[in-house]
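Chain and residue survey
Here's the letter readout for the chains.
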Amino acid sequence: MFAFHLAFPIRDIEETRRFYVDVLGCREGRSTERWIDFDFFGNQISAHRSSEPRSTETSMVDGKAVPLHHFGAVLPRPVWDTLRERLEAAGATFLLEPQIRYPGKPSEQGTFFVLDPSGNGLEFKSFTNDSGMFAQVEAT
């Protein structure tokens, strides 16, 4: 198994715990008063308390402004659908509503963006065909 590790800044441990465990369904790992780890769809992410503000810069992707600084997961479509439903039920605000990007192209994918309580951009994708993950697309 190969997995990635990502450390990122947060404002508050408890609000982060509630979002990642209760809303996204991640399993909590180790924690201290300054950081907390989560099993993020098979990957280890570490949320560290920080007083530094998050960037609000965006980048244009397929004609839509998305957070320049973001991370996320590529999920099978049934898991993507379930997560979308969980977020909708929790009253999450989508920065980019669930949609199909690049329809009919090799890189066709379901995608949506949300912010965590600290303002970190999260993108969740589901490719129609697994081979589309690294397919070339026209930059927009």
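Preceding this paragraph is the structure being described.
Residues numbered from 1 in each chain as written. Predicted model: local features only at pLDDT ≥ 70, side-chain atom pairs only at ≥ 80, totals over all residues. Heavy atoms only, no water.

Thoughts on the pattern of salt bridges
Note the following rule: By definition, a salt bridge exists where a carboxyl oxygen of Asp or Glu is found within 4 Å of a side-chain nitrogen of Lys or Arg. Each helix is a run of H or I in the DSSP string that is no shorter than four residues. Each strand is a run of E no shorter than two, and both are numbered from the N terminus. Burial here depends on accessible area, computed with a 1.4 Å probe over protein chains only, as a share of the maximum for the residue type. Under 20% is buried, over 50% is exposed, and the range in between is partly exposed.
Taken as a whole and judged by the stated rule, the model has nine salt bridges. Put simply, Asp39 and Arg27 hold a salt bridge, and the shortest N to O gap is 3.6 Å. With Asp39 in strand β3 (residues 35-40) and Arg27 in strand β2 (residues 27-31), this residue pair connects regions lying twelve residues apart in the sequence. Two residues, Arg84 and Asp81, come together in a salt bridge whose shortest N-O distance is 3.5 Å. With Arg84 and Asp81 both in helix α2 (residues 77-89) and three residues apart, this pair spans about one turn of that helix. The exposure class of Asp81 is partly exposed, given its relative accessible area of 23%. In this structure, a network of salt bridges that share partners links the residues Asp81, Arg84, Glu85 and Glu88.

Quick notes on α2
Threshold: Here, expected helix span is obtained from the residue count minus one, scaled by 1.5 Å. Directions pointing from the helix axis toward each C-beta atom define the arc. Note on contacts: a residue pair qualifies if any of its non-hydrogen atoms lie within 4.5 Å across the two residues.
Its 13 residues place the ends of α2 18 Å apart at the C-alpha level, agreeing with the 18 Å of an ideal helix rising 1.5 Å per residue. Buried within α2 we find Trp80, Leu83, Arg84 and Leu87. In a view along the axis of α2, the buried residues occupy a sector of 100°, so they form one face of it. Of the exposed residues in α2, the ones pointing more than 90 degrees away from its buried face are Pro78 and Ala89. Buried residues in α2 make contact with α1 (13-23), β8 (94-101), β9 (109-115) and β10 (121-127). Gly91 occupies a position one or two residues after α2 and carries a positive phi of about 75°.

It is worth stressing that arrangement in space is one thing and function is another; only the former is reported here.
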